Amino acid sequence: MFTTPKKDLGNAFQYFLNMFDRMINYAQDGLLLPDNNLIENQTRPIAIGRKNYMFVGSESDGQWAEMFYSFFATCKLNGVNPTQWLTHVLENIRSTPKDKLERLLPQKNS
């Protein structure tokens, strides 16, 4: 059966040919995921909450809330207990040199 590029099947084949070099990576490396659903599911509450941030008092309060949501999502992704992490940060931030603050990030404590 012959199909023209304007037909649905022709469009599908053209898409496949255009994306072949990228898609072959998934067949060669079993650790690669073909989508980012895991990350999207982790950040969805932040995106939904963003509408509610306008009711937190002020714009800067909303930015603080969003920052904490981001940190807690990072903790969850890295298997870090947020309460333990925050306690650790509060206990160590004053004694940590400015150029070493990155060590206090949740992904560095997993």
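Structure first, text after, so check above.
Residues numbered from 1 in each chain as written. Predicted model: local features only at pLDDT ≥ 70, side-chain atom pairs only at ≥ 80, totals over all residues. Heavy atoms only, no water.

Comments concerning the overall build of the chain
When helices and strands are tallied, the chain shows 4 helices and 0 strands. Tracing the chain from N to C terminus, the helices and strands come up as α-α-α-α. The proportion of buried residues among the 110 residues of the chain is 14%. When contacts within the chain are restricted to residue pairs at least 6 apart in sequence, those whose partners lie at least 24 apart make up 34%. (Helix = DSSP H or I, 4+ residues; strand = E, 2+ residues; numbered from the N terminus. Buried < 20%, exposed > 50% of the residue type's maximum accessible area, 1.4 Å probe, protein only. Contact = heavy atoms within 4.5 Å.)

Looking at the packing of aromatic side chains
Taken as a whole and assessed by the stated rule, the structure comprises 4 aromatic pairs. Considering the side-chain rings of Phe 16 and Phe 20, the 5.6 Å spacing of their centres and the 70° angle between planes classify their relative orientation as edge-to-face. Taken together, the positions of Phe 16 and Phe 20, both in helix 1 (residues 8–28) and 4 residues apart, correspond to about one turn of that helix. Its relative accessible area of 39% is what places Phe 16 among the partly exposed residues. Taking relative accessible area as the criterion, Phe 20 reaches 38% and is therefore assigned partly exposed. (Phe/Tyr/Trp six-rings, centres within 6.5 Å; stacked < 30°, edge-to-face > 60°.)

Some remarks on the environment of Ala 12
Inspection of the secondary structure puts Ala 12 in helix 1. Residue classification places Ala 12 among the partly exposed positions, given a relative accessible area of 44%. Note: C-alpha distance between Ala 12 and Asp 99 (87 residues apart in sequence) is 51 Å.

Things to note about a nonpolar patch on the surface
A cluster of nonpolar side chains, namely Phe 16, Leu 17, Phe 20, Met 23, Tyr 26 and Leu 32, defines an oily patch on the protein surface of about 540 Å² accessible area. Mapping Leu 32 onto the fold places it in the loop between helix 1 and helix 2 (37–50). Its relative accessible area of 39% is what places Leu 32 among the partly exposed residues. (Patch = residues over 30% accessible without salt bridge, like charges linked within 9 Å, V, L, I, M, F, W, Y side chains within 5 Å. Areas by Shrake-Rupley, 256 points an atom, 1.4 Å probe, with all protein chains shown as cover. Salt bridge = Lys/Arg side-chain N within 4 Å of Asp/Glu carboxyl O.)

Thoughts on helix 2
Think of an α-helix as 3.6 residues a turn; residues three or four steps apart then line up on the same face. Spanning 14 residues, helix 2 covers 19 Å between terminal C-alpha atoms, matching the ideal 20 Å at 1.5 Å per step. Where helix 2 bends most, at Thr 43, the angle is about 40°, and the proline Pro 45 comes one to four residues later. Residues Gln 42, Ile 46 and Gly 49 constitute the buried set of helix 2. The elements touched by buried residues of helix 2 are helix 3 (59–77). (Expected span 1.5 Å × (residues − 1). Bend = angle between axes of the 7 residues up to and from the residue.)

A look at the packing of helix 2 against helix 3
Relative to each other, helix 2 and helix 3 sit at 165°, their axes nearing to 10 Å. Classed by the angle they form, the pair helix 2 and helix 3 counts as roughly antiparallel. Taken as a pair, helix 2 and helix 3 cross one another with a handedness that is right-handed. Facing helix 2, whose interface residues are Ile 39, Gln 42, Ile 46 and Arg 50, helix 3 presents Glu 66, Tyr 69, Ser 70, Ala 73, Lys 76 and Leu 77. Considered class by class, the residues forming the contact of helix 2 with helix 3 number 5 nonpolar, 2 polar and 3 charged. (Axes fitted to C-alpha atoms, helices over the stretch in contact; angles between N-to-C directions. Parallel < 35°, antiparallel > 145°, perpendicular 65-115°, else oblique. Left-handed = near helix turned anticlockwise from the far one by under 90°. Nonpolar A, V, L, I, M, F, W, Y, C, P; charged D, E, K, R; others polar.)

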